[in-house]
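# Inside the fold
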2 protein chains.
Amino acid sequence: MKKHFDILRKCSLFNQIEDEKLIKMLGCLGARVETFDKKYTIMAEGNPAKYIGIMLSGSAQIFQIDYFGNRSIVAGVEPSEMFCEAFACAEVAAVPVTVVANEPCEVMFIDCNHILHTCTNNCGFHQQLIFNLMKSLATKNIMFHRKIEITSKRSTREKIMAYLMFCAKKADSNSFDIPFDRQELADYLEVDRSGLSAEISKLRKQGIIKSYKKHFELL
Amino acid sequence: MKKHFDILRKCSLFNQIEDEKLIKMLGCLGARVETFDKKYTIMAEGNPAKYIGIMLSGSAQIFQIDYFGNRSIVAGVEPSEMFCEAFACAEVAAVPVTVVANEPCEVMFIDCNHILHTCTNNCGFHQQLIFNLMKSLATKNIMFHRKIEITSKRSTREKIMAYLMFCAKKADSNSFDIPFDRQELADYLEVDRSGLSAEISKLRKQGIIKSYKKHFELL
DNA sequence: AAAAGTATGTTGAAATTTCAACAAACGGAG
DNA sequence: CTCCGTTTGTTGAAATTTCAACATACTTTT
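Residues numbered from 1 in each chain as written. Chains lettered and ligands numbered in written order. Predicted model: local features only at pLDDT ≥ 70, side-chain atom pairs only at ≥ 80, totals over all residues. Heavy atoms only, no water.

### Looking at the domain arrangement of chain A
All names here are of chain A.
- We note that the domain assignment places domain 1 (2-142) and domain 2 (153-218) within chain A.
- Centre-to-centre separation of domain 1 and domain 2, based on C-alpha positions: 29 Å.
- On the side of domain 2, seven residues touch domain 1, which itself brings six residues to the contact.
- Of the roughly 540 Å² buried where domain 1 meets domain 2, counting both sides, 43% is carbon and sulfur surface.
- Looking only at domain 1, the three residues that lose the most surface to domain 2 are Gln-61, Arg-71 and Ile-73, adding up to 71% of its buried area.
- Linking domain 1 to domain 2 there are one salt bridge.
- Across the pair Asp-187 and Arg-71 runs a salt bridge whose closest N-O atoms are separated by 2.2 Å.
- By residue number, the principal contributor to the side of domain 1 that touches domain 2 is strand β5 (residues 71-77), which donates four residues.
- Among the residues making up the side of domain 1 that touches domain 2, the classes are represented as two nonpolar, three polar and one charged. (Domains from an automatic or database assignment. Contact = heavy atoms within 4.5 Å. Buried area = accessible area lost by both parts, 1.4 Å probe. Salt bridge = Lys/Arg side-chain N within 4 Å of Asp/Glu carboxyl O. Helix = DSSP H or I, 4+ residues; strand = E, 2+ residues; numbered from the N terminus. Nonpolar A, V, L, I, M, F, W, Y, C, P; charged D, E, K, R; others polar.)

Quick look at the structure:
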């Protein structure tokens, strides 16, 4: 557990929690760590939604896959980020998404009930954790607003530009890397991959952007 | 304030709060009520995101509108439902949406800081309110997942069917009313209104659905 | 009850997206 | 270094969506 300490400290769930408390807390919460190889399923659609996941190392992507196999990327998960906490907190029966490892991963799982309901030891940290959960759920809500703002654009070109402008704003620079390859970007923007490639080429030829693989530059 | 009591009690923010406490609490929270006529803007994009809204009577819709005037309906707001709580809780500077009254409305506004931070009277209810906020933010997260699941479908027909199947599930019946008129449904599904009308006609002719105005039936 | 305004359905043309297929570039594995 | 699998770019045809315009039905106002 020690080696993950720095990552855990950055996790929004443990905001304002002192280091010594954090260590004790993890035992009390019954946290466990599992490892996953690239492409392995960390959480499958239909699984009971009891656990909050925290990415300790590696990265993953959250998908929704329909009966025709069309996948839509909901979000990426980077180290120290939480996932599936909304399903656990809302006490839905099953998670409606699939989380797949992008690369070898270590993931910490915490039973959400251990956070929400006071344990027999009567630990004092539940209030702070609930407050932290609330904050990060609010932040995720805003992430969704942004995704909807981007994908509600009617044309591929507008979606690309809206996404790139958001990335530039986040990076605070006109030059930045995106976390998706072309197929993944297409799945995130909900457009056809080949059409996406064609449109990016066009934007490049028209001198609106520069791009090489995952690196982009707004001109 | 008295006449809104039954509505407020149903609001998820006040879950598990006893009736007598609720009354005192409202004063302490500095809740205020405003009325809006049909089509009036209850909250405008760019407003400071300090306040949580609670719909007391009437209904509204939450929009995102881009620089080209394309509007996307994010959600509807019915009596006893909260809105803009995510922006207030996440402490973003400004709300990124516009909330417009569908019909004459009464709305209660509560400064989110009064909920999150203990007041000088040291009222004991903050913990419960924060817990309730967390729950409803989690639930909204799931709403967004559903919207993304529906709008990520690539064709108008699939979007309609995904939406209607969700409505049927919610109503627990194949016969139900939807809360949108055609233009609004188009804005929610992020498609063209005339194309939507045409596709609904086609579904009707093919015997897949029955529909009359806002009433639908899956066959 | 008529008039005006709004919502819905219909249509065809134009624009866009998807799809399928292939070529080129790239990155590891051996 | 070469081979193989993967990613990215390109293309043209087919399908779909958007757009504009109008007809019809329905509501609200006067």
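### Quick word on the layout of surface pockets
- If you add up the space inside the largest pocket, you get close to 1200 Å³.
- A:Ala75, A:Gly76, A:Glu81, A:Met143 and A:Lys170 are the residues nearest the centre of the largest pocket, which is lined by 49 residues in total.
- At eleven residues, the largest contribution of residues to the lining of the largest pocket is made by helix α5 (residues 126-151) of chain A.
- Among the residues forming the lining of the largest pocket, the class breakdown is 23 nonpolar, 13 polar and 13 charged.
- The residue makeup of the lining of the largest pocket includes at least three contributed by each of domain 1 (2-142) and domain 2 (153-218) of chain A.
- Those elements that provide at least two residues to the lining of the second largest pocket are α5 of chain A together with β4 (60-65), β5 (71-77), β6 (82-83), α3 (85-89), α5 (126-151), α6 (156-171) and β9 (175-177) of chain B.
- A per-element tally of the lining of the second largest pocket places α5(B) first, with seven residues.
- Split by domain, the lining of the second largest pocket shows at least three residues from each of two domains, domain 1 (2-142) and domain 2 (153-218) of chain B. (1 Å grid on protein atoms, 1.4 Å probe; cavity = no way out; pocket = protein on both sides within 12 Å on 5 of 7 lines; lining within 4 Å. Points joined across faces, edges and corners; volume = space filled by probe spheres on them.)

### So, the packing of aromatic side chains
All names here are of chain A.
- Under the counting rule described, the total for this entry stands at eleven aromatic pairs over all chains.
- The rings of Phe-36, Tyr-51 and Phe-109 are connected pair by pair, giving a single aromatic cluster.
- Positioned over the ring face of Tyr-51 is Arg-32, at 4.9 Å from the centre of the ring. (Phe/Tyr/Trp six-rings, centres within 6.5 Å; stacked < 30°, edge-to-face > 60°. Lys NZ or Arg CZ within 6 Å of the ring centre and 35° of its normal.)

### Describing the relation of the copies chain A and chain B
- Rotating chain A by 180° about the axis while translating it 0.0 Å along that axis superimposes it on chain B, leaving an RMSD of 0.0 Å. Overall, the copies show the geometry of a two-fold rotation axis. When each C-alpha of chain A is compared by its distance to the rotation axis, A:Met134 comes out closest, at 2.2 Å.
- Both copies present the same face, since 100% of the interface residues in chain A are matched by interface residues at the equivalent positions in chain B. (Least-squares fit on C-alpha atoms with pLDDT ≥ 70 in both.)

### Comments concerning the packing of α5(A) against α5(B)
- Orientation of α5(A) relative to α5(B), taken along the N-to-C sense of each, is 30°, at an axis distance of 9 Å. For the element pair α5(A) / α5(B), the angle class is roughly parallel. Handedness of the crossing formed by α5(A) with α5(B): left-handed.
- Its residues assigned to classes, the contact of α5(A) with α5(B) comprises 16 nonpolar, six polar and four charged. (Axes fitted to C-alpha atoms, helices over the stretch in contact; angles between N-to-C directions. Parallel < 35°, antiparallel > 145°, perpendicular 65-115°, else oblique. Left-handed = near helix turned anticlockwise from the far one by under 90°.)

### Some points on unusual backbone geometry
- The phi dihedral of A:Lys39 is positive, around 75°, even though this residue is not glycine.
- We classify A:Lys39 as exposed; its relative accessible area is 66%. (Buried < 20%, exposed > 50% of the residue type's maximum accessible area, 1.4 Å probe, protein only.)

### Some details on the sheet that holds strand β1 (residues 32-36) of chain B
Residues and elements named next belong to chain B.
- Sheet architecture is open: four strands sit in the order β1-β8-β3-β6, paired in antiparallel fashion. Looking at which strands have only one partner, the edges of the open sheet turn out to be β1 and β6.
- Examined bridge by bridge, β1 and strand β8 (residues 105-111) share five bridges and lie antiparallel to one another. In the sheet register, Thr-35 faces β8, and the bridge partner there is Glu-106. (Pairing = 2+ DSSP bridges.)

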